Amino acid sequence: MLLGPIMLDCAGMALTAEDRDLLRHPAVGGVILFARNYTDPAQLAALTAEIAALRDPPLLIAVDQEGGRVQRFRDGLTRLPAAGQFGAMYAADPTIAGQICEAAGWLMATELRALGVDFSFAPVLDLNRGISQVIGDRGFSAHPAAVTALALAWQRGVQRAGMIAVGKHFPGHGGVAADSHTELPTDSRSLAAIEQDDLEPFRQLIANGLTAVMPAHVIYSQIDAQPAGFSIIWLQRILRERLGFQGVIFSDDLNMAAAAAGGDHVERAQAALLAGCDMLLICNNRPAAIRIVDALAVTSAPLTSQRLSALRGAPAAMNWAQLPENSDWQRARQWLAQLDSTHLETC
């Protein structure tokens, strides 16, 4: 069975009968996990094993494990700093910042792979201009060169651990104040201005093997009247053709308020696929997820399935019990411990 184009969530720390039935549907290709799905490493390993056993090939398993305020799995795993901490360090010492950022990416990916998670939706490539609170210190820096250098370091780290990187939120969410979770932002800048600054990290990571991209639910009014995630101009003409991206395009969550620009939930899914998304996220709305799955009721096209298969994590180099004895794991944790612990945000 090929992987389907829908990625959805589950309710708790183990699968329900409804979860199992829905996840076996041919239109489903993956599961995104949240903090409510986690208590400790042993429980997470059991949950991911349960999900993997449902299908052959197994469903993809993902999470938002950026660090800082967006780290879904915390207790028992290494607490990761917000990306902005690496940016502050970069301003003082770019070399050391890059080394520690790469170590953090490796550490995050190594821990998740040991527990059965395929990938994290990271790194954030949005420029932190001080405009968008929803981005804020999730972004490495306001400067494209710093974002690019640190994101490349993060990508090297996760790839070394057998995980792919997902760059978000294309072409950049940092130029608008509105939060697309709750309203539809509009960015009125020209394409030239966006290309000069915001697109540079995407351009450089794509040139260095970026596997997946997530577009923003933001309207860039001088380029298209549709949000980027529903825009043929952004996803096909600019991302695919101009930037040469051949990897997976995820939609951002179709349950976010800004996604209502695409119509009802089924219409949003159809519009995102038509625009060029390969896999659609629908989170925290089980009735809507069921409607989308029933409406699509198809597996992905062969090319899309080939792209999706590249998202699967490599076999874990170590199991969870082996990590504390590993010198690279110890060294990475020591480096992160050097950062100011007051910046590590808590739940």
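Keep in mind it's a predicted model, so treat the numbers as computed, not measured.

Colleague: Would you mind showing me how to read the sheet that holds strand 1 (residues 6-8) here?
Modeller: Two strands in a sheet stick together by hydrogen bonds in their backbones, pointing the same way (parallel) or opposite ways (antiparallel). Spatially, 5 strands are ordered 6-3-2-1-12 in an open sheet, and the strand pairing comes out parallel. Each edge of the open sheet is held by one strand with a lone partner, namely strand 6 (119-120) and strand 12 (280-282). Pairing between strand 3 (residues 60-63) and strand 6: 2 bridges, direction parallel. Bridge pairing in strand 6 links A62 to F119.

Colleague: Is there a simple way to think about the sheet that holds strand 11 (residues 248-249) in this case?
Modeller: The strand order 7-9-11 describes an open sheet built from 3 strands, whose pairing is parallel. The outermost strands of the open sheet, each flanked by one partner alone, are strand 7 (166-170) and strand 11. Sheet analysis places strand 7 next to strand 9 (residues 212-215), joined by 4 bridges and oriented parallel. If you follow V166 over to strand 9, its bridge partner there is A212.

Colleague: Would you mind going over the nonpolar core with me for this structure?
Modeller: Side chains that are nonpolar tend, in soluble globular proteins, to be buried together. If you look at the biggest cluster of nonpolar residues, it comprises 112 residues, and the most contacted ones within it are M7, F119, F121 and F250. Of all the elements, helix 4 (residues 94-114) adds the most residues to this core, at 11 residues. With residues up to four places along the chain from it excluded, the contact list for F119 reads M7, L60, I61, A62, V63, M163, I164, V166, F250 and L311.

Colleague: Quick question: what am I supposed to make of the confidence of the model for the protein here?
Modeller: Close inspection of predicted coordinates is inappropriate for parts of the model with low pLDDT. For the protein, per-residue confidence averages 93 on the pLDDT scale, and 97% of positions sit at 70 or higher. Note on residues 341-347: pLDDT is under 50 here. Beyond four places in sequence and across chains, it has 14 contacts.

Colleague: I'm lost on unusual backbone geometry in this one. Help?
Modeller: Omega for the bond connecting D56 with P57 falls within 30 degrees of zero, at 5°, which places this linkage in the cis form. Cis peptide bonds are those with omega within 30 degrees of zero, and the linkage from K168 to H169 qualifies with 0°. Looking at where H169 falls in the secondary structure, it is placed in strand 7. Positive phi, normally seen in glycine, also occurs at N284, with a value near 60°. For N284, the position within the fold is in the loop between strand 12 and helix 10 (286-296). Relative accessible area serves as the criterion here: at 45%, N284 is assigned to the partly exposed category.

Colleague: Honestly, helix 9 (residues 265-275) in this entry has me stumped. Any pointers?
Modeller: Working note: α-helix, 3.6 residues per turn, so residues spaced by three or four point in the same direction. What helix 9 keeps buried is the set H265, V266, R268, A269, A272 and A275. Buried positions along helix 9 lie against helix 8 (232-242), strand 12 and helix 10. Among the residues of helix 9, the N-terminal cap falls to D264, whose side-chain oxygen and the backbone nitrogen of V266 are separated by 3.2 Å. Directly beyond the C-terminal end of helix 9, a positive phi value near 130° is found at G276.

Colleague: Even after reading the chapter, I still don't get the state of the cysteines, so can you show me in this structure?
Modeller: When the sulfur atoms of two cysteines share a covalent bond, that bond is a disulfide. This model, assessed by the stated rule, comprises 0 disulfides. Here C10 is not cross-linked by a disulfide; its sulfur's nearest cysteine counterpart is in C283, at 11 Å. Its relative accessible area of 2% is what places C10 among the buried residues.

Colleague: Explain the packing of aromatic side chains to me, please; I cannot follow it from the model alone.
Modeller: The relation between two aromatic rings is expressed through the spacing of the ring centres and the mutual angle of the planes. A full pass over the atoms with the stated rule returns 7 aromatic pairs. For the pair F119 and F250, a centre-to-centre distance of 5.7 Å together with 45° between the ring planes defines the contact as tilted. Linking F119 in strand 6 with F250 in the loop between strand 11 and helix 9, this pair joins segments that are 131 residues apart in sequence. By the burial criterion, F119 is buried, and F250 matches it. An aromatic cluster of at least three residues, connected via ring pairs, comprises F170, F202, Y220 and W234.

Cut-off values and rules
- Residues numbered from 1 in each chain as written.
- Predicted model: local features only at pLDDT ≥ 70, side-chain atom pairs only at ≥ 80, totals over all residues.
- Heavy atoms only, no water.
- Pairing = 2+ DSSP bridges.
- Helix = DSSP H or I, 4+ residues; strand = E, 2+ residues; numbered from the N terminus.
- Core = buried A, V, L, I, M, F, W, Y, C linked by side-chain atoms within 4.5 Å.
- Buried < 20%, exposed > 50% of the residue type's maximum accessible area, 1.4 Å probe, protein only.
- Contact = heavy atoms within 4.5 Å.
- pLDDT = per-residue confidence, 0-100.
- Polar contact = N/O pair within 3.5 Å; in protein donor to acceptor, adjacent residues only side chain to side chain.
- Disulfide = S-S within 2.5 Å.
- Phe/Tyr/Trp six-rings, centres within 6.5 Å; stacked < 30°, edge-to-face > 60°.

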